[in-house]
Amino acid sequence: MVGVVALRLVADALQDHGALGVPGFVWILGLIFPVVFAGTAFGLVGSLGTALIGVALELPTVLWLPHSRLALWGSWTNLATVVALAIVLGDRYDAILTGAASDARVRARRLEEERFARAFEDNMAAMALISPHGQILRANRAFADLHDVAPAVLVGQPLEQRVTPPDRRALEEARALLVSGARDGVQTTWRIERGAQAPITVEATLTAVRLESTCELVASLRDVTDERRATARLAHAAHHDALTGLANRAVLLERIAHAQATRPAGLALFIVDLDNFKEVNDTLGHQLGDQLLIAVARRLQSVVRRGDLLCRLGGDEFVYLVETARDSASAHRVAERLVAAFRAPFRLGEHALSQRASIGAVHCDDAPGTECDDVLRDADIALYHTKETGKGGCTFFTPALRHDLASRVALSRDLATAITTDALSVAYQPLVAADSLEVVGFEALARLTHPELGSVPPDTFIPLAERSGLITALGEAVRGQVARDASSVAALAASSLIAVNASTKELRAEGFAPTLLRQWREADLTPSRLVLEITESAALDDAPATTRSLRILRDAGVHVAFDDFGTGYSSLAQLKQLRPDLVKIDRSFVAALDTDSSAHDIIESLVGLSHSLGIRVVAEGVESAGQLATVRAAGCDMIQGFYLGPPVAAAELAQTPHIATRPAADI
Ligand code: C2E
Ligand code: CA
Ligand code: CA
């Protein structure tokens, strides 16, 4: 009996586990019994049982027929066991009969469940089942991977806990919408907190799954971190300068428009433009040029205030926009800070570059005459003025500057026609020998008479022509006229020297020297009567074309004079190296003779040094008898100035007295 009970327990246990139905279990026992107790009644009953159950389970005949041999039927004990089993299993008779069929159904359902479970677990999409209270009920591997933990860790945790604090509110709101039934699905974005690792951004689709009275949520997440980053990068690129990381022109224009619409306390805009930056690029290379721009950006960042806008307009132009410049004094203080930022040199590796900047500023307040409709243009006009007047400072815009610029613009527009018409002419100023005070030569000076602006000084139109590129044509026209005058005007033809001016830009132009020599020869003049006046910096310019031009001209016998000597940066050592034929001491030294006691010594030492190098000296801008006496006493070889004769038109030269006709070399 004990065995029977044990059998039943085993049968129950096995059925509970779904591994084998009771009929299947009994049949297995029946298979074993006849084998073990073959030849006995026990075996007989076993075989009978096996056969019966085999029939009931519809098992293949081969599995039960071998036991049907009557000779092998067992004893009554076996029969008793079968009877006992029948009694025990009595009320499960139906189950025994139908067990096999229900087993198949259970298996099918289980398979189905398994399929769904797999579809959920192995899904590439990160999914989780969330309780109405926000607890994670189930999470698949992809979902857990996004959170960088095992799925089991997440189960039971509130989903909010895994979201960065600023995003929790949005998640809570989405959940409330779904649970309340207001919405069936919500799409939102949040960032997942991942411990020491950087959070990732996910796009979440939350769907309500309503079953009877409960509402669970299915959360499906998509990692959009890279996508967002790329979008952010594009947006950043659209608003920032790639080299310095500063805001760009688009941002500036937006801010200006916004400021003008909202009229802040006071708007001040500064355009900071690096002086001669091109030279850094040309001499030290673009890479160092870029480094310098970055260093300038950092330096400016260190002096600007938070909330104000610093941006790079491109090239070597930066803009600083201040919206809190209440009065002119505070705008000027900002300007001082910006100018001061360029005082210390910029260290780039082994280089220490001193880089200055010119600044154009505009301050908008309610003062009359301040229109502020185009601050960028006005600041540009002011910047132009800073550059014109020597660079390195800051100019604040005034309406007068605009008019000044307007006339310059008109002039540069008309310059091209002026060159080809009578507007351009040449004036000649005598060069006088210091010993005899005879006129030994003339300096040719360009003159321009504008139909509306009247007589325009060369200090205005020469820089304009240089900037517009017209200087080559202008210089050629002037020197062509000089050559013609030198052979046709008696006073000029009789003089030993004719001096012409040329700017650095002209010297750099290919063909400068051959053109000048051709013009001179066409007028039947010897090159040794020609003096070319250039500045020291032009002579120092190491552009190959400049060096070539000077060589060609000197080989042909043309004299080279350093104009405005003493105002440039060249040292006296360079005078030794470059060896011009003449130096023209700048008129500021001569003018200083009246006020500065050291001016006399300076002129004397310049003369001494030049003479020791075989260079002759011209004193410029002599305006009085006193100055004349001093420069003569200092040993100057030639003298030029209003006192001895102002520049006059060729037609008026007939009145020039005492023209010496001695060889140029003797002067
Ligand atoms: P620069 O070569 O130094 O010419 C001398 C300037 O000093 C001339 O001014 C002349 O009128 C002025 N000057 C002469 N004597 C005196 C004096 O006693 N006192 C004072 N205060 N000034 C005196 P200008 O004609 O106005 O020319 C100015 C500058 O324009 C010239 O300075 C020269 O650099 C440039 N320039 C003139 N003509 C040409 C040209 O054909 N080509 C180029 N590239 N530059 C030219
Ligand atoms: Ca000159
Ligand atoms: Ca001069």
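The shown structure was predicted, so the numbers you read here are calculated from the model rather than taken from an experiment.

Each value, and the rule that gives it
- Residues numbered from 1 in each chain as written.
- Chains lettered and ligands numbered in written order.
- Predicted model: local features only at pLDDT ≥ 70, side-chain atom pairs only at ≥ 80, totals over all residues.
- Heavy atoms only, no water.
- Donors = N, O, S within 2.8 Å, 3.2 Å for Na, K, Ca; no water.
- Helix = DSSP H or I, 4+ residues; strand = E, 2+ residues; numbered from the N terminus.
- Buried < 20%, exposed > 50% of the residue type's maximum accessible area, 1.4 Å probe, protein only.
- Salt bridge = Lys/Arg side-chain N within 4 Å of Asp/Glu carboxyl O.
- Contact = heavy atoms within 4.5 Å.
- Lys, Arg positive; Asp, Glu negative; His and termini not counted.
- Polar contact = N/O pair within 3.5 Å; in protein donor to acceptor, adjacent residues only side chain to side chain.
- Pairing = 2+ DSSP bridges.
- Axes fitted to C-alpha atoms, helices over the stretch in contact; angles between N-to-C directions.
- Near = heavy atom within 4 Å.
- Areas by Shrake-Rupley, 256 points an atom, 1.4 Å probe, with all protein chains shown as cover.
- Core = buried A, V, L, I, M, F, W, Y, C linked by side-chain atoms within 4.5 Å.
- Parallel < 35°, antiparallel > 145°, perpendicular 65-115°, else oblique.
- Left-handed = near helix turned anticlockwise from the far one by under 90°.

(A) Structural view of the coordination of the calcium ion (ligand 2). Protein coordination at the calcium ion (ligand 2) comes from Glu-443 (OE), Asn-501 (OD1), Glu-533 (OE) and Asp-563 (OD), with a distance range of 2.1 to 2.3 Å. Read in sequence order, the donor residues for the calcium ion (ligand 2) give the motif E-x57-N-x31-E-x29-D.

(B) Main features of the coordination of the calcium ion (ligand 3). In this structure, Asp-563 (OD), Asp-564 (OD), Glu-620 (OE) and Glu-620 (OE) serve as the protein donors to the calcium ion (ligand 3), at separations of 2.2 to 2.5 Å. Along the chain, the residues donating to the calcium ion (ligand 3) fall in the pattern D-D-x55-E. Between the two metal centres, the calcium ion (ligand 3) and the calcium ion (ligand 2), the spacing is 4.1 Å, with Asp-563 acting as a shared donor. Of this pair, Asp-563 sits in strand 18 (residues 559-565) while Glu-620 sits in the loop between strand 20 (616-619) and helix 26 (625-633), and the two are 57 residues apart along the sequence. Each member of the pair, Asp-563 as well as Glu-620, carries the same accessibility label: buried.

(C) Structural view of the pattern of salt bridges. Counted according to the given criterion, the structure contains 32 salt bridges. A salt bridge links Arg-222 to Glu-203; the shortest N-O distance between them is 3.3 Å. Of this pair, Arg-222 sits in strand 5 (residues 214-223) while Glu-203 is found in strand 4 (residues 197-211), placing the two residues 19 residues apart along the sequence. Judged by its relative accessible area of 39%, Arg-222 is partly exposed. Residue Arg-508 pairs with Asp-541 through a salt bridge whose shortest N-O separation is 2.6 Å. With Arg-508 in helix 19 (residues 504-508) and Asp-541 in the loop between helix 21 (536-540) and helix 22 (544-555), the pair connects residues that are 33 residues apart, well separated along the chain.

(D) Local environment of the environment of Leu-300. Examined against the element boundaries, Leu-300 turns out to sit in helix 12 (residues 286-303). Here the alpha-carbon distance between Leu-300 and Val-319, two residues 19 residues apart in the chain, equals 10.0 Å. With residues up to four places along the chain from it excluded, the contact list for Leu-300 reads Leu-310, Phe-318, Leu-338 and Phe-342.

(E) Up close: the side chain of Arg-194. Tracing the backbone shows Arg-194 in strand 3 (residues 185-194). It turns out Arg-194 is buried and unbridged, and the closest side chain with the opposite charge, Asp-148, is 5.0 Å from it. Of note is the side chain of Arg-194, whose polar atom sits 3.2 Å from the backbone oxygen of Leu-146. Excluding its chain neighbours within four sequence positions, the residues that come into contact with Arg-194 are Asp-145, Leu-146, Asp-148 and Ile-200.

(F) How the structure looks around the sheet that holds strand 12 (residues 394-396). Across the sheet, which stays open at both edges, the 5 strands sit in the order 7-8-6-11-12 with mixed pairing between neighbours. Edge strands, defined here as strands with exactly one partner in the open sheet, are strand 7 (309-314) and strand 12. With direction set aside, neighbouring strand axes in the sheet form an average angle of 20°. As defined by bridge partners, strand 6 (residues 267-274) adjoins strand 8 (residues 317-322) across 6 bridges and the pair is classed as antiparallel. The residue of strand 8 that forms the bridge with Leu-269 is Leu-321. Lying on the sheet, helix 10 (residues 249-262) is in contact with strand 6, strand 7 and strand 8; it crosses strand 7 at an angle near 130°.

(G) The arrangement of the pairing of strand 13 (residues 424-433) in detail. Counting buried residues along strand 13, 9 of its 10 residues qualify, which places the element largely inside the surrounding structure. Strand direction decides the pairing type here: strand 13 and strand 14 (residues 439-450), joined by 9 bridges, are antiparallel. Residue pairing in the sheet places Val-426 in a bridge with Ala-446 of strand 14. Hairpin connection between strand 13 and strand 14: a loop of 5 residues separates the two successive antiparallel strands, and Leu-437 in this loop has a positive phi of roughly 60°. One ladder, built from 2 bridges, connects strand 13 with strand 22 (residues 648-649); its direction is antiparallel.

(H) Region of interest: the site of ligand 1. Around ligand 1 sit 23 residues in total, of which Gln-429, Asp-563, Arg-587, Glu-623 and Phe-642 are the nearest. Here a nitrogen atom of ligand 1 and a side-chain polar atom of Glu-506 are 3.3 Å apart. One nitrogen or oxygen atom from the side chain of Asp-563 is found 2.9 Å from an oxygen atom belonging to ligand 1. Protein chains bury 85% of the 800 Å² of accessible surface belonging to ligand 1 in isolation.

(I) Just the nonpolar core, in detail. In this structure, Tyr-428, Leu-448, Phe-461, Val-482, Leu-532 and Ile-534 are the most contacted members of the largest nonpolar core, which totals 74 residues. A per-element tally of this core places helix 17 (residues 471-488) first, with 6 residues. Beyond its immediate sequence surroundings of up to four residues, Tyr-428 is in contact with Phe-442, Glu-443, Ala-444, Gln-481, Val-482, Asp-485, Leu-492, Pro-646, Pro-647, Val-648, Ala-650 and Leu-653. Counting residues in hydrophobic clusters, the runner-up holds 34 residues, among them Phe-277, Ala-295, Leu-310 and Val-322.

(J) A look at helix 20 (residues 512-522). Regarding helix 20, the residues found buried are Phe-512, Ala-513, Thr-515, Leu-516, Leu-517, Gln-519 and Trp-520. The secondary structure elements touched by the buried residues of helix 20 are helix 17, strand 16 (497-501), helix 19, strand 17 (530-535) and helix 22. Looking at the residues trailing helix 20, positive phi occurs at Asp-524, about 65°.

(K) Looking closely at the packing of helix 17 against helix 20. In the contact formed by helix 17 and helix 20, the axes pass within 9 Å of each other and the chain directions differ by 25°. It follows that helix 17 is roughly parallel to helix 20 by the angle criterion. Relative to helix 20, helix 17 is oriented so that their crossing is right-handed. Judged by residue contacts, Glu-476, Arg-479, Gly-480, Val-482, Ala-483 and Ala-486 of helix 17 engage Phe-512, Thr-515, Leu-516, Gln-519 and Trp-520 from helix 20.

Scope: geometric values only; no functional claims are made or implied.
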